[in-house]
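# Close look at the chain arrangement
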Amino acid sequence: MLAAIIQNPTPDTVSYLIIGYVIIGVVGLGYVITLLIRQNNLRRDLEMLKRLEEEED
Amino acid sequence: MSATVVEGSPATTVTTHRPPLALTVLTVFTALMLLAASYMAFLYAPTELTMGAVQRIFYFHVGAAWAGALAFLVTVVAGVAYLITGKRSWDIVGFSSVEVGLALVTITLASGPVWAQFAWGKPWTWDPKLTAAAVMWLSYAAYLMLRQGIEDQRRQARFGAVYGIVAFASVMVTYVGVRFITATIHPAVVGPSASTGQGDFGMAPRIRNAMIFSFLTFTFVFATLLWHRIRLAHLTDRVALLKARLLSRLG
């Protein structure tokens, strides 16, 4: 058992792990940011339309 | 955050931008769940001996895949409900769920190649499971693009409902169908499989616990994102309504 572990040590794959989670973070956060940007733009549009409507009245 | 529009008065009034308390609580809870899932993935679960640290990608890779499939199932339910009732709210649930599902499946498809690079020696192979997943992603990306090409809202909704139901076949092939194919090198994580995957590993109790927690976490991630996306769609409708009203006055 010990000999097998020494002969086949667990590989160092931390760099793959970091790259993987950076990708997960970028995609996940990226989507959340697009939601926030769209929401803010719509809110701005809504405020502007509301003002225009009030001016019309 | 979105606006509450009080209709029926001469001037449409924006009264508040605050999300409901339940959504705020759910969002905070989901963020905490993600922190806990990260703890489970990085510290609680043991390091897999053959692959080392890279195996820890598995927890979010599979969790996102599960939530993506759940999102597309919600689209099927919303599609059936729309075809029966014709209510706009079901259409909103349907396309919102597709968008969130697509983001989740993108997490799976983008993180998988990193793991594959180590386990298989190449980031991508036209293996049946991977090919099916790519076709599924393209099917739902096409759903969103094709919807945009239809101007009439009712036709758009009918198209979305039918497409969402039919496209679910690609989900069934990806998650269930390929289990009967022995030629795949992608390991089956949950349930029996006819294949012997390369990069397969045994499920130690702590690995299983972390995986189950990840499934639960991504279910909450999906629910939270869906709720936010639905609110965004309602806000879009309100802006469109106001625009149309103003244009009709000016015209």
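It should be emphasised that the depicted structure is a prediction, and the values quoted were computed from it without experimental measurement.

## What to know about the nonpolar core
Core analysis: the biggest nonpolar cluster contains 65 residues, and Ala67(B), Leu104(B) and Phe222(B) have the highest contact counts within it. Looking at this core, the elements with two or more residues in it are α2 (14–56) of chain A together with α1 (21–44), α2 (57–85), α3 (88–119), α4 (128–148), α5 (153–175) and α6 (205–250) of chain B. At 17 residues, the largest contribution of residues to this core is made by α3(B). Among the nonpolar cores identified, the runner-up in size contains six residues, and Leu49(A), Leu232(B), Val239(B) and Leu242(B) belong to it.

## Regarding the packing of α2(A) against α3(B)
With their axes 9 Å apart at the nearest point, α2(A) and α3(B) run at an angle of 170° to one another. In terms of orientation, α2(A) lies roughly antiparallel with respect to α3(B). Contact residues: Tyr16(A), Ile19(A), Gly20(A), Ile23(A), Ile24(A), Val27(A), Gly28(A) and Tyr31(A) in α2(A); Ala103(B), Thr106(B), Ile107(B), Ala110(B), Ser111(B), Val114(B), Trp115(B), Gln117(B) and Phe118(B) in α3(B). Across the contact of α2(A) with α3(B), the residue classes break down as 12 nonpolar, five polar and no charged.

## Some words on the packing of α2(B) against α5(B)
Residue and element names in this part refer to chain B. At a minimum axis separation of 8 Å, α2 and α5 run at an interaxial angle of 145°. The way α2 lies across α5 gives a crossing that is left-handed. The segment α2 lies against α5, with Ala69, Phe72, Thr75, Val76, Gly79, Val80, Tyr82 and Leu83 engaging Ala157, Gly160, Ala161, Val162, Gly164, Ile165, Phe168, Val171 and Tyr175. Taken together, the residues of the contact of α2 with α5 break down into 13 nonpolar, four polar and no charged.

## Points about the confidence of the model for chain B
Residue and element names in this part refer to chain B. In this model, chain B carries an average pLDDT of 88, and 86% of its residues clear a pLDDT of 70 or more. Segment residues 1–15 is flagged for pLDDT under 50; beyond a separation of four residues in sequence, or across chains, it makes 34 contacts in the model. ipTM for the predicted complex: 0.86, alongside a pTM of 0.87.

Basis of the calculations
- Residues numbered from 1 in each chain as written.
- Chains lettered and ligands numbered in written order.
- Predicted model: local features only at pLDDT ≥ 70, side-chain atom pairs only at ≥ 80, totals over all residues.
- Core = buried A, V, L, I, M, F, W, Y, C linked by C-beta atoms within 7 Å.
- Buried ≥ 20, exposed ≤ 12 C-beta atoms within 10 Å, placed from the backbone.
- Helix = DSSP H or I, 4+ residues; strand = E, 2+ residues; numbered from the N terminus.
- Axes fitted to C-alpha atoms, helices over the stretch in contact; angles between N-to-C directions.
- Parallel < 35°, antiparallel > 145°, perpendicular 65-115°, else oblique.
- Contact = placed C-beta atoms within 7 Å.
- Nonpolar A, V, L, I, M, F, W, Y, C, P; charged D, E, K, R; others polar.
- Left-handed = near helix turned anticlockwise from the far one by under 90°.
- pLDDT = per-residue confidence, 0-100.

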